[in-house]
Amino acid sequence: MMLVRLDGHSVEARRVFCIGQNYAAHITEMKSETPDSPVIFSKPSTSLVLPGTKIPFPGHGNELHYEAEVVVMVGTEGRPEHRDDARRFVGGVSLGLDLTMRDLQKELRARGLPWETAKAFDYSAPVGEFTSDLGESGLANISFTLRVNGEVRQKGNTGRMIFDIPTILLAIGRVWTLLPGDIVFTGTPEGVGALSRGDRAVVESPVIGKFEWEIAVGCEA
Ligand code: MN
């Protein structure tokens, strides 16, 4: 059982869904094509990593990429009926990193194979504390940044998503009944890049908070 934090309490995490290719400038930098519906994949809940935990550099690839993302926690069981109905399934919002072995992902994609080993490995889903209170800004205007060793690498705003958060929940809910504690990584903006051993990654949003993780120096993976 994996516990995450919501408004200062522990909550059991259920499944971890992720959305790929959800910001135009990231699609361009990846030389991908704009999808006509949300691209959904998943990670096991055992890939979640709470803030402050050291992340071992994976032993099965060479290029560990950060992808800073807004992360949604589902608060209600059911299947949204339409986009506006989907909003009531949001139980909390946080920030996280969809860590990716980019060299392995490129190789798997080129061969038309599933990319689990590149995306769903141990420690691949660092996630911060969730908040249920976004104040005035709402789901469609969450700005966030990622700094690595103090340098800004990514800047995003949920207003620039191709598929917004209600649309994402509607799409997932067409396939899976949403459950409280389900966690959804909503896609990364442009600026993805590599992390090295000893790097410190800090994600921050004025409406959510600030969370950090360090890549371990040794070869613990
Ligand atoms: Mn991602």
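Here we summarise the structure given alongside this text.

### Here we look at the sheet that holds strand β17 (residues 209-215)
Two strands in a sheet stick together by hydrogen bonds in their backbones, pointing the same way (parallel) or opposite ways (antiparallel). What the five strands build is an open sheet, ordered β6-β17-β16-β12-β13; its pairing is mixed. Of all strands in the sheet, those bounded by a partner on one side alone are β6 (54-55) and β13 (151-157). Here strand β12 (residues 143-148) runs beside β13; their pairing, made up of six bridges, is antiparallel. When the sheet's bridge partners are listed, Thr145 is paired in β13 with Lys155.

### What about helix α5 (residues 165-173)?
Because an α-helix packs 3.6 residues into every turn, residues spaced three or four apart end up facing the same way. Among the nine residues of α5, eight are classified as buried, and the element is accordingly described as predominantly covered. Along α5, the residues classified as buried are Ile165, Pro166, Ile168, Leu169, Leu170, Ala171, Ile172 and Gly173. Elements that come into contact with the buried residues of α5 comprise β3 (16-20), β4 (39-43), β8 (68-74), α2 (83-86), β9 (90-97) and β14 (183-185).

### Focus on the coordination of the manganese ion
The manganese ion binds to the protein through Glu67 (OE), Glu69 (OE) and Asp98 (OD), with metal-donor distances spanning 2.0 to 2.1 Å. Mapped onto the polypeptide sequence, the residues donating to the manganese ion form the spacing pattern E-x1-E-x28-D. We classify Glu69 as buried; its relative accessible area is 1%.

### Quick look at the environment of Val184
With respect to the helices and strands, Val184 occurs in strand β14. A sequence separation of 111 residues divides Val184 from Met73, and the C-alpha atoms of the two residues are 6.3 Å apart. When residues no more than four places from it in sequence are discounted, the contact partners of Val184 are Phe17, Ile19, Val70, Val71, Val72, Ile168, Leu169 and Ile172.

### Concerning the packing of aromatic side chains
Under the definition given, this model contains two aromatic pairs. Plain terms: the ring middles of Phe17 and Trp176 are 4.9 Å apart, the flat faces sit at 50° to each other, and that makes the pair tilted. Of this pair, Phe17 sits in strand β3 while Trp176 sits in the loop between α5 and β14, and the two are 159 residues apart along the sequence. For Phe17, a relative accessible area of 2% puts it in the buried group. For the pair Phe41 and Trp115, a centre-to-centre distance of 5.2 Å together with 80° between the ring planes defines the contact as edge-to-face. Of this pair, Phe41 sits in strand β4 while Trp115 sits in the loop between α3 (102-110) and α4 (116-119), and the two are 74 residues apart along the sequence. Neither residue differs from the other here; Phe41 and Trp115 are each classed as buried. The positively charged end of Arg197 is found above the aromatic ring belonging to Phe57, 4.5 Å away from the centroid.

### Concerning the pairing of β9
In the case of a regular strand, side chains alternate between the two sheet surfaces. Most of β9 sits out of view: six of its eight residues are buried. Here β8 pairs with β9 via seven bridges, running antiparallel. By the bridge assignment for β9, Val71 is matched with Ser94.

### Here's the deal with the pattern of salt bridges
A full pass over the atoms with the stated rule returns 16 salt bridges. Here Arg111 makes a salt bridge to Glu107, at a shortest N to O gap of 3.2 Å. Residue Glu107 is classed as partly exposed on the basis of its relative accessible area of 41%.

Scoring rules and cut-offs
Residue indices follow the written sequence of each chain, beginning from 1 at its first position. Restriction of local features to residues with pLDDT of at least 70 applies here, the model being predicted, together with a cutoff of 80 or more for giving and counting side-chain atom pairs; totals for whole chains, interfaces and linings are based on all residues. Just so you know, side-chain values use all the structure's heavy atoms and leave hydrogens and water out. A pair of strands counts as paired when DSSP detects no fewer than two bridges linking them. A helix here means a DSSP run of H or I that spans at least four residues, while a strand means a run of E at least two residues long, and both kinds are numbered starting from the N terminus. The classification of residues rests on relative accessible area computed with a 1.4 Å probe and restricted to protein chains. Under 20% of the type maximum is buried, over 50% is exposed, and intermediate values are partly exposed. In this description, contact between two residues means that some pair of their heavy atoms is separated by no more than 4.5 Å. Any nitrogen, oxygen or sulfur atom within 2.8 Å of a metal ion counts as a donor, with the limit raised to 3.2 Å for Na, K and Ca, and since water is left out, coordination shells can look unfinished. Here a pair means two rings of Phe, Tyr or Trp (six-membered ring of Trp) with centres within 6.5 Å. Their orientation is stacked below 30 degrees between planes, edge-to-face above 60, and tilted elsewhere. Charge over a ring is defined by NZ of Lys or CZ of Arg lying within 6 Å of the ring centre and within 35 degrees of the ring normal. The term salt bridge refers to a pairing of a side-chain nitrogen on Lys or Arg with a carboxyl oxygen on Asp or Glu at a separation within 4 Å.

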